[in-house]
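# A closer look at the structure
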Amino acid sequence: MSTYQFVGKSIERVDALEKVLGTAKYVGDYYLPGMLYARALRSEVPHARIVELDVSPALQVPGVKAVITCDDFVDHGNFGFPVKDQYVLAYQKVRYVGEAIAAVAAETEEAALEGIKAIHLVLEPLPGLFDIDHALDPNAPQVGPDRADGKHPNFLDMSPVYKGNVDEVLKQCDVVLDLKYTTPHQEHAYIETEGALAIPTPEGGVVVYVSCQSPFIDKGILQMVLGLDPARVRTIIPPVGGSFGGKDDLNYYTSAQVAALALKTGKPVRMTFSREESMIASYKRDAAHMHIQLGASHDGVLRACRAKHTFDSGAYASQTPFTAWRGSIHAMGAYRYDACEVEITSVYSNNGFSGAFRGFGNTEACFAIEQAIDEMADALGMDPIDFRLKNCLRLGDETPHGQILTQSVGLTECLQIVRKASDWDRKRTEYSRQAAGDIRRGIGVAALFHGTSLGAEGIDSATSTIEIENDHTIVLTSGLTDYGPGSRTVYTIIAAEELGVNMKRIIMLRPDTNTAIDSGPTVASRSTMVGGNAVRNAARNLAQTINLAASDLLKCSVDQLYRVGEDFVGPSEEVVRWDAVVDHARDMGLVLSTYGKWVAPKIDWDHHGGRGTPYFAYHFAAHVAEVEVDVRIGKTQVLNYWAAHDSGTVIFPEGAYGQVYGGVAQGIGYALLEEALYADGYLQSVNFDTYLIPTSMDVPEIKATFVQTYFSEGPYGAKNIAEPAMVPAAPAVLNAIAHAIGRRIRDLPADLEKVVLGEALRKKGSPVSCKIGLKTK
Amino acid sequence: MKINFTLNHQPVSIDVPAGITLLRMLRDYLGVTGPKEGCGVGECGACSVLLDGLLVDSCLVLAPQVEGREVVTIEGIRAPDGGPNDLQKNFIKYGAVQCGICIPGMVLAGEALLARTLHPSREEIRDALTGNLCRCTGYQQIVDAIEATALERSRLQEQQKV
Ligand code: FES
Ligand code: FES
């Protein structure tokens, strides 16, 4: 492996200083002169027809300057991709509690709240659909849009993977398991709530600052629903206080609301959500009902897998068709099978709405299959790691989708690393033999594969621009957002590496649609690989120009040049400074501004036949959790945790470790604490006092290792890390609990009741917290 | 009503509505935006400040309660040269920062702990952070940064004794 100056070295994050000083300005930190505060009137019922909506009384409230409804937008503000089923403000119907119906701009937050309270609204309640197992019943309440193809309107999509004949193979299997698992909705719980600020421009356009993931999607929606010329709409992404997949749709329509209000009032308008409003209105990780049949032979060979899952998309499609697709590709786990049949159906309901969340369908699917694999190992009397090692995907294998894995497959190494590091064999034996008692220990494993980037979801490319300014600083852009994971630092490292300059010279801008170039959505952990390759290409293009100037200055050919630090050295050992070369380049009339684009390798997937090459590469990982369970009170403490990730080359180690630690923490929350429970469409936990996320005491010390299998298409051999870090955590913890208490918990979260009683206590839901939360500051 | 207090070592006198919180007074009336509102109910610690040296959630403190007292926000945590202090530098060095929204609170929680002891175990550091939620980092590198600072400060203290 070649040695790098910056790649893989200990590097300080480019945006850490302003964040530790507290000077980083998030959307909510903007207070502009004359700025108005906006607030949305939100539905307090899960499903209803809008019978009367008169917003004029709001305008009578002192301080209220404007109020808008769907009628203030082109085509009622209809948007959405891949299904155009959402509205910037509700049109004719509301489909979930928290859906925005109208929005008010006022001089103070108090006046805005009074304004929404003054709006005259009459809703005619419609029957709600809350049980996804009955979403496709002929008489189920219709939540999804009308459709002409004869399919049930609540049916959203079905994503299959097919290999061979599962029934035939299952018949030949010695052991067949039939298992059901469920996962609940999960709240992203970014500590910064949603927010957007719109500033009207003298030309009749808007500049919008919005805490979101994908600037060009925001801009595209704004120009569409506002009917503005693209040149009149500019989206700028300030620092984003966490996202995890959660700052897409809701933030786009929030920015459309403030933009319309800014255009109407001629004033800057900001809307920032209270925590209650954030939790009630925002989309969640979809809840899933999962059914797995697994067949194996006595000698421990896995042979067949059938996975039939249903994902709850809630009121709108949002990203669920893609989530379900990603879930389907990973539903059988990282194993070889003779036959495989996966079908993931997504349906509409009135349980909030679901969208992207770290892991994007694989988090749900992996939870089910990795417990099922453990259950099969138990049934066969095999050690869970031995069983996985015997059946897992290796270099050269064909996946159940029909893809040959030709490079960068590090799952075996990951499993071996966590086995050794955790002292697995000793602990597994010891805990299996522990005497009966109230405090019990267990150790569990989970394996992962996770397709990199978008896969067959869409065109996968990114572009970066790079330019040398008069003061010799280098300005770099990307169309992708760094909402915390550290991609701006990764890009700075890459540009510095390619140009041979100090990182301090490089200014990596945040996305701004007027300066950056559309690079698709910031999702799917694609920033390092796709965005990083674009940066590398841009920097290489610039380096070519600079090298030309250096060779001219040093009177030699480009290949006679070498570098000492930033300096260029010619054949006669003459040294010239970087700045001198840049100046010379300018004198030569060379253009010191360029760009680089990278397009991911082609993939192909047959969405109906369920076969093909869904992703051009996979991330592999193995996690081991060691737990202690107090069976009297049901409390599980994760004592120790090991994670090994094959993420390809690691470019920014502190960042990569941070992704693993943070991902594992979210996975532990998903495993033990978190449940965004909807009761008759009403979210039951609307703030952190009842929706518990892991604290520093809930997360153990995590030992992370990277297996750096080189991936030829990635920058310096890198793949990805952000999402895969979370995905295997919940099944690893649940497998450890099963080992500790000798009983399986197949429904997340494994909270106190489920550990003690084996089931959730049935509590009566209440609409009260939602109703209060939507009407208080 | 008029409130007089010390903010980041400077005397402040300001007229605000009586019912507002310290957090609201800092952000909306004084333009001090380092403290963030993450929950408004005392659960997340994003609004943390030091009140007479103790870590408090400023969303739970009413503005009049700080009359005559000393408030330090993240804006008041600096090295003498105005740059990051040793703890803030270690947050950077140990990769403790991701999205950053919790970090002002985390730095203050770290300072509050280090004011009590320069020999905390990792367990004690974790315990001192329980009122501050971070959704990004999994806390580990934050603990690393505080642990390293404790060690550096205690060494410094010993050198000064000698
Ligand atoms: S905003 Fe004060 S504790 Fe969360
Ligand atoms: S760094 Fe994002 S919440 Fe802590």
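Given the structure is predicted, the values throughout are model-derived calculations rather than measurements. (Residues numbered from 1 in each chain as written. Chains lettered and ligands numbered in written order. Predicted model: local features only at pLDDT ≥ 70, side-chain atom pairs only at ≥ 80, totals over all residues. Heavy atoms only, no water.)

### Structural notes on the pairing of strand β3 (residues 64-68) of chain A
Across a regular strand the side chains alternate sides, sitting on one face of the sheet and then on the other. All names here are of chain A. Note the following rule: Partly exposed describes any residue whose relative accessible area lies between the buried limit of under 20% and the exposed limit of over 50%, with all areas from a 1.4 Å probe on protein chains only and scaled to the type maximum. A helix here means a DSSP run of H or I that spans at least four residues, while a strand means a run of E at least two residues long, and both kinds are numbered starting from the N terminus. Strands are treated as partners if at least two bridges between them are detected by DSSP.
Burial of β3 is extensive: 4 of the 5 residues sit out of reach of the surface. Of the pairings in the sheet, the one linking β3 to strand β7 (residues 100-106) comprises 4 bridges and is antiparallel in character. From the neighbouring strand, Ile68 faces β7, where its bridge partner is Ala103.

### Considerations on the nonpolar core
What counts is decided by this rule: As used in this record, nonpolar core signifies buried Ala, Val, Leu, Ile, Met, Phe, Trp, Tyr and Cys residues forming a set joined through side-chain atoms within 4.5 Å. Residue contacts are defined here by distance: any two heavy atoms, one from each residue, within 4.5 Å place the two residues in contact.
Core analysis: the largest hydrophobic core is formed by 176 residues, its most contacted members being Leu294(A), Tyr641(A), Val733(A) and Phe91(B). Those residues in contact with Phe91(B) that lie beyond four places of it in its chain are Val20(A), Ala96(B), Val97(B), Ile103(B), Met106(B), Val107(B), Ile142(B), Ala145(B) and Ile146(B). One finds Ala103(A), Val208(A), Leu222(A) and Val233(A) within the second-largest nonpolar core, a separate group that totals 46 residues.

### Quick notes on the domain arrangement of chain B
All names here are of chain B. Our working definition: What counts as a domain boundary in this text is fixed by an automatic or database domain assignment. Here the quantity called buried area is the accessible surface, traced with a 1.4 Å probe, that two parts lose on coming together, added over both.
Per the domain assignment, the segments of chain B are domain 1 (2-76) and domain 2 (86-161). In this structure, domain 1 and domain 2 have C-alpha centres spaced 22 Å apart. On the side of domain 2, 11 residues touch domain 1, which itself brings 12 residues to the contact. Between domain 1 and domain 2, a total of about 970 Å² is buried, with carbon and sulfur atoms accounting for 68% of that surface.

### Quick notes on the packing of helix α14 (residues 527-553) of chain A against helix α15 (residues 578-587) of chain A
Residue and element names in this part refer to chain A. Here is the rule: Helix axes are fitted only over the stretch in contact, all axes being lines through C-alpha atoms; the angle between N-to-C directions runs from 0 to 180 degrees. Should an angle fall under 35 degrees it is taken as roughly parallel, and over 145 as roughly antiparallel, whereas 65 to 115 is taken as roughly perpendicular and any remaining angle as oblique. Each residue receives one of three labels: charged for Asp, Glu, Lys and Arg, nonpolar for Ala, Val, Leu, Ile, Met, Phe, Trp, Tyr, Cys and Pro, and polar for the others, Gly being one of them.
Here α14 crosses α15 at 95°, and the two axes come no closer than 8 Å. Judged on the interaxial angle alone, α15 and α14 are roughly perpendicular. In this structure, α14 contributes Ile546, Ala549, Ala550, Asp552 and Leu553 to the contact, and α15 contributes Trp578, Ala580, Val581, Val582, His584 and Ala585. Within the contact of α14 with α15, the residues separate by chemical class into 9 nonpolar, 1 polar and 1 charged.

### Some details on helix α13 (residues 487-499) of chain A
Residue and element names in this part refer to chain A. Put simply, the rule is: Expected span of a helix: the number of residues minus one, times 1.5 Å.
Taking 1.5 Å of rise per residue, the 13 residues of α13 would be expected to cover 18 Å, and the 18 Å separating its terminal C-alpha atoms lies within 8% of that figure. Judged by how many residues are buried, α13 sits mostly within the fold: 13 of 13 residues are covered. A positive backbone phi angle near 65° is found at Gly500, which sits one or two residues after α13.

### A short note on the sheet that holds strand β14 (residues 269-272) of chain A
Residue and element names in this part refer to chain A. An order of β3-β7-β1-β14-β11-β12-β13 is seen for the 7 strands of this open sheet, with the pairing classed as mixed. Each edge of the open sheet is held by one strand with a lone partner, namely β3 and β13 (233-236). Strand-to-strand twist in this sheet, taken as the mean axis angle between neighbours without regard to direction, amounts to 20°. Judged from the 6 bridges that link them, strand β1 (residues 36-42) and β7 form a sheet pairing that is antiparallel. Of the residues in β7, the one forming a bridge with Ala40 is Ala103.

### Overview of the packing of helix α3 (residues 103-116) of chain B against helix α5 (residues 140-161) of chain B
Residue and element names in this part refer to chain B. Keep this limit in mind: The sense of a crossing depends on the near helix, which, turned anticlockwise from the far helix by less than a right angle, makes the crossing left-handed and, turned clockwise, makes it right-handed.
Where α3 contacts α5, the axes come no closer than 11 Å and their chain directions differ by 35°. The two elements α3 and α5 meet at a crossing, and its hand is right-handed. Contacts between α3 and α5 involve Ile103, Met106, Gly110, Glu111, Leu113 and Leu114 on the former and, on the latter, Ile142, Ile146, Thr149, Ala150 and Arg153.

### Thoughts on the sheet that holds strand β21 (residues 506-508) of chain A
All names here are of chain A. Taken together, the 4 strands give an open sheet; going across it, the order is β21-β20-β19-β25, and neighbouring strands pair in mixed fashion. Looking at strand neighbours, the two that pair on one side only are β21 and β25 (593-599), the edges of this open sheet. Each neighbouring strand pair of the sheet contributes to a mean axis angle of 20°, computed without reference to strand direction. Here strand β20 (residues 474-478) pairs with β21 via 3 bridges, running parallel. Note that in β21 the partner of Leu476 across the bridge is Met508. Relative to β21, α13 is tilted by about 150°, and along the sheet it contacts β19 (461-468), β20 and β21. Its contacts with the sheet put α14 on β19, β20 and β25, and the angle it makes with β25 is roughly 145°.

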